[in-house]
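# Overview (structure and organization)
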Amino acid sequence: MPIAYSLRVAGAILILAAASASGGSPPSFGTPVSYPAQNGPVAAISADFNGDGHPDLAVANLASSSISIFPGNGDGTFGAPTVLTIPGPCTPSFLAAGAFVHSGSKTDLLAVCGFQQSIVVIPSSSKGFGTPVATQLPQAVLSGFGGEIGTTPVVADFNGDGLLDLSLTLGGAFNFSNLAAFVLLNNGDGTFRSPVQLPLTGLFPSGAAAGDFNRDGKMDLALVGTDNNSRVSILYILTGDGSGAFKITAQYPSSVSLVLGALIAADVNGDGIVDLVGGGIASISSIGSSTPFSSIAVFKGKGDGTFQAGQTLNYPGFITYLAPADLHSSGIPDLVAATFNPTTLVASAVQFPGNGDGSFQTWAVIPIAGSSPFPFQFAVEDFNGDGAADLAFPTYTSNAVASIFSGSGVLNHWSDLAALLGRLPGGDVSVMLNTTPAPPLISSVTNNASGAPRLSGFSWITIKGSHLSTSAPRVWALTDFVNGALPLSLGGVSVTIDGTKASVEYTSSSQINALAPPDNTTGNIQVEVTTSAGTSAPFNVPLAQYSPAFFTYSPPNNRYVAGTLLTGEYLAPPGAFGPGAVSSAAKPGDTVVLYGTGFGPTTPPTAFGSGSIIPGPLAGSTTFTIGGQPAAVLFEGMTSVGEDQFNVVIPAGVAAGDQPVVATIQGVS
């Protein structure tokens, strides 16, 4: 049987490249699949609760004082739920998963009892979940319906002990002027220390987020507060000292009001620095308006704990929860928001596509067929392992928001609001799998033969990454050569190297083999891949005049240089390729034919693009050593597209056994 040398497939670690714009088209989702929860599902999160490597779902059932755990199957579907009862009274309106107790587990559950005076931790164990542990609070936790009254709870390790702490908004009297933000440090047993008020007065908090904004290794806090008198929204930066204490180090009045909203920390412009994005009701007066609207404001981080005001944009409704999500699999965070129209009492989900420079495009609805989402917490996760962000929303088949407010009466206390939410009917969690074609993402570009990250003109290269093709793997065929020309695209995939199209020989979702066009440039150049889903971010790679490398035989383990004796036997130990393929070792005095790529141009220059190559000698002169001894080179030239051939004589005195072969051209080996 014939043995062809393989185009080398080298292992590589996936490194997210600088991203390109995700484009203006909204993402596409499959038909929502609904899984029945209990009464009043209002919040959903995802984590691997059973340790099987698949993301699961946890859903807070506010009206049932319970949490439903749906085990994920890894393919986007979920099994029957396990129900955890929360000791009452508790109306769970927010969930978090992580290390809340000293057990080593990263999937303990935290439930915040919205508009009531407790928070509950449910420790995880090898057998599931343990006994819930409650912490009683001096005032009501303001987290829940009403555009996230107060700040969304923030979970982070504020004192560096490896356990997750909390920042919450608490309130006593039933009015907005009596709200304050607090920090609660973790005791490690499922309980929290007494709340410590943050140094903010004269305002009511409306959004909070945590991050290391000054890159000192300690968690900081950002909080949007609206002044009780001027109604101006201000972004406060509170720098953490690593002990759980904070001080205000910067404040930025927002050009738009961000009342009763959300704040998230994420790198939205791809510079590796945490930015902030706030969303909320545009004004107090908008709450009772027939034309309510919300605003989104971007604050770009500088990496030293300070921020610069960026884009603002509006949405015709109330933004009540906000989360970053790479919906286009482009490496760029988009924004997903839960929204609510107080006039129609209808909730919905919308997305703002990210541009990658810290700005976002206008909103587009995310349709949830047959269901209405509840405007609390939703989950963003890759549920089926395809690399795209999927969504899970608490949903109802009817307008649950309208139903609880019909004939609601007068609300005099925060507990009245908790009781009102306790009227929520049974609902579901609706899972929406992302079906948006992902643009290509390059993780490495290497010489095909050596695996080295260095290219040269007219050499074979390998591109590794994800979403590099939208079709099944394929190798070029005779039908791809139109009028004898090498194909510049294959299965809708094309490659551009330093602005010139390469010839594409093989494509799959994770690898492309291509022939680099001639290029006299040296230094860093850019490689891009284009598919029907878009063009990748440019990937920088050094280009040299020479990148010499030998092709190798796949078996055994790419150990032997691809070559033959003049008699046609393959250069490898006898039997290396199994029955039917003759292989043998060379002897001193034998002439062997070796194959490589990247040895530079020919004289005269070979025309790029033709599938028919007239053998031509290399422009540069090569030297060979075999077993450390100089070897005579009888021929050196390109005999096939991108394939260099060398006829070399084995030196006398070379010992039997495996011997290293080194080729050098113009000082490059």
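Computed from a predicted model, the values in this text were never measured in an experiment. (Residues numbered from 1 in each chain as written. Predicted model: local features only at pLDDT ≥ 70, side-chain atom pairs only at ≥ 80, totals over all residues. Heavy atoms only, no water.)

## Side note on the overall build of the protein
Our working definition: Secondary structure is summarised from DSSP: a helix means a run of H or I of at least four residues, a strand means a run of E of at least two, and numbering begins at the N terminus for each. Remark: exposure states derive from per-residue accessible area (1.4 Å probe, protein chains only) relative to the maximum for the residue type, with buried under 20%, exposed over 50%, and partly exposed in between. Note on contacts: a residue pair is in contact if any heavy atoms of the two residues lie within 4.5 Å. We get accessible surface area from the Shrake-Rupley algorithm with a probe of 1.4 Å; when it comes to residues, only the shown protein chains can shield them.
For the protein, the count of helices and strands is two helices and 54 strands. Counting every position in the protein, which comprises 669 residues, the buried fraction comes to 55%. Sequence-distant contacts, at least 24 apart, represent 58% of the contacts inside the protein between residues at least 6 apart. Looking at the protein as shown, the accessible area adds up to about 25,300 Å², and 55% of this sits on carbon and sulfur atoms.

## Considerations on the sheet that holds strand β51 (residues 629-631)
We count it as follows: At least two DSSP bridges between two strands are required for those strands to pair. The axes are straight lines fitted to the C-alpha atoms, using for helices just the contacting stretch, and the angles between their N-to-C directions are given from 0 to 180°.
Strand order in the open sheet formed by three strands is β51-β50-β54, with antiparallel pairing between adjacent strands. The sheet terminates laterally at β51 and β54 (661-665), the two strands that pair on one side only. Each neighbouring strand pair of the sheet contributes to a mean axis angle of 30 degrees, computed without reference to strand direction. With three bridges connecting them, strand β50 (residues 622-626) and β51 associate as antiparallel partners. Looking at the pairing, T625 lines up with P630 of β51.

## Remarks on the pattern of salt bridges
To be explicit about the condition: Salt bridges are counted wherever a side-chain nitrogen of Lys or Arg sits within 4 Å of a carboxyl oxygen of Asp or Glu.
Tallied over the full model, the rule gives three salt bridges. Note that R474 and D480 form a salt bridge whose closest N and O atoms lie 2.6 Å from each other. Of the charged contacts in the structure, one is a salt bridge between K587 and D590, with a shortest N-O distance of 3.6 Å.

## A word on the nonpolar core
The following threshold applies: We call a set of buried Ala, Val, Leu, Ile, Met, Phe, Trp, Tyr and Cys residues a nonpolar core when their side-chain atoms join them within 4.5 Å.
Core analysis: the biggest nonpolar cluster contains 40 residues, and V445, I463, V495, I512 and V527 have the highest contact counts within it. Elements represented by at least two residues in this core include exactly β33 (441-447), β34 (460-466), β37 (493-497), β40 (511-515), β41 (523-531), β43 (539-543) and β48 (591-597).

## Notes on unusual backbone geometry
Leaving glycine out, the prevailing phi sign among residues is negative, and the prevailing peptide bond configuration is trans. Cis peptide bonds are those with omega within 30 degrees of zero, and the linkage from T603 to P604 qualifies with -5 degrees. Its place among the elements puts P604 in the loop between β48 and β49 (616-617). Of note in the backbone geometry, N483 takes a positive phi value of approximately 55 degrees without being a glycine. In this structure N483 comes out as exposed when scored by relative accessible area, which is 79%. Located in the positive-phi region is Q666, a residue other than glycine, with phi close to 50 degrees. Counting through the fold element by element, Q666 comes out in the segment after β54.

## With respect to the environment of S68
Using the following cut-off: The term polar contact refers here to a pair of N or O atoms within 3.5 Å; inside protein, the definition further demands a hydrogen-donor-capable atom paired with an acceptor-capable atom, and it admits residues adjacent in sequence only when both atoms are side-chain atoms.
Along the chain, the position of S68 falls in strand β4 (residues 66-70). The buried category is assigned to S68, whose relative accessible area is 1%. With 17 residues separating them along the chain, S68 and T85 place their C-alpha atoms 8.9 Å apart. Looking at S68, its side chain comes within polar contact range of the side chain of N61, at 2.9 Å.

## Structural notes on the packing of aromatic side chains
This is how it is decided: A pair of Phe, Tyr and Trp rings is counted when the ring centres sit within 6.5 Å of each other, with Trp represented by its six-membered ring. The angle between the planes then sorts it: under 30 degrees is stacked, over 60 is edge-to-face, the rest tilted.
Under the definition given, this model contains 18 aromatic pairs. Three or more aromatic residues joined by ring pairs form one cluster here, namely Y35, F70, F78 and F383.

## Notes on the state of the cysteines
To keep things clear, this is the line we draw: Counting rule for disulfides: a pair of cysteine sulfur atoms within 2.5 Å.
Within the structure shown, the criterion is met by one disulfide. A sulfur-sulfur distance of 2.0 Å marks the disulfide that ties C90 to C113. Judged by the torsion about the S-S bond (-95 degrees), the C90/C113 disulfide is left-handed. With C90 in the loop between β5 (82-85) and β6 (92-98) and C113 in strand β7 (residues 108-113), the pair connects residues that are 23 residues apart, well separated along the chain. Assessed through its relative accessible area of 2%, C90 is described here as buried.

## Comments concerning the sheet that holds strand β18 (residues 220-227)
Spatially, β17-β18-β19-β20 is the arrangement adopted by the four strands of the open sheet, whose pairing is antiparallel. Each having just a single partner strand, β17 (203-211) and β20 (246-253) make up the two edges of the open sheet. This sheet shows a mean twist of 25 degrees between the axes of neighbouring strands, independent of strand direction. Of the strand pairs in this sheet, strand β19 (residues 233-240) and β20 are connected by seven bridges, and their pairing is antiparallel. Paired with I237 across the two strands is A250, which belongs to β20.

## Details of the pairing of strand β25 (residues 318-325)
With seven of eight residues buried, β25 is to be regarded as a mostly interior element. Note that β25 and strand β26 (residues 334-341) share seven bridges and pair antiparallel. Looking at the pairing, I319 lines up with T339 of β26.

## Description of the side chain of D220
Rules: When charges are counted, Lys and Arg are positive and Asp and Glu negative, with His and the chain ends excluded.
Position of D220 among the secondary structure elements: in strand β18. This buried residue, D220, is left without a salt bridge; K218 holds the nearest opposite charge, at 8.6 Å. One polar contact links the side chain of D220 to the main-chain amide nitrogen of G240, over a distance of 2.8 Å. In contact with D220, not counting residues within four places along its chain, are A209, A210, G211, D212, F213, N214, L238, T239, G240 and F246.

## Topic: the confidence of the model for the protein
Any region with low pLDDT has predicted coordinates that should not be read closely. The condition that has to hold: A residue's pLDDT is the predictor's confidence in that residue, given on a scale from 0 to 100.
Looking at the protein, the pLDDT average stands at 86 and 87% of residues meet or exceed 70. Ranking the elements of the protein by mean pLDDT puts helix α1 (residues 400-405) last with 66 and β4 first with 97. Between residues 1-24, whose pLDDT stays under 50, and residues either more than four places distant or in other chains, the model counts 64 contacts.

## Details of helix α2 (residues 414-421)
The condition that has to hold: By definition, the arc is the one covered by directions from the helix axis to the C-beta atoms.
Within the span of α2, buried status applies to W414, L417, A418, L420 and L421. Within α2, the buried residues cover an arc of 160 degrees as seen down the axis, which keeps them to one side.

## A closer look at the side chain of D390
Relative to the helices and strands, D390 is located in strand β31 (residues 390-396). Despite its burial, D390 pairs with no opposite charge, the nearest such side chain being K464 at 24 Å. Every residue in contact with D390, bar those within four places of it in the chain, is listed here: A379, V380, E381, D382, F383, N384, M432, L433 and N434.

## Re the environment of V101
With respect to the secondary-structure elements, V101 resides in the loop between β6 and β7. Remark: the alpha-carbon pair of V101 and P123, spanning 22 residues in sequence, is separated by 6.7 Å. If we skip the residues at most four places from it in the chain, V101 touches D108, V121, P123, L163, G188, D189 and G190.

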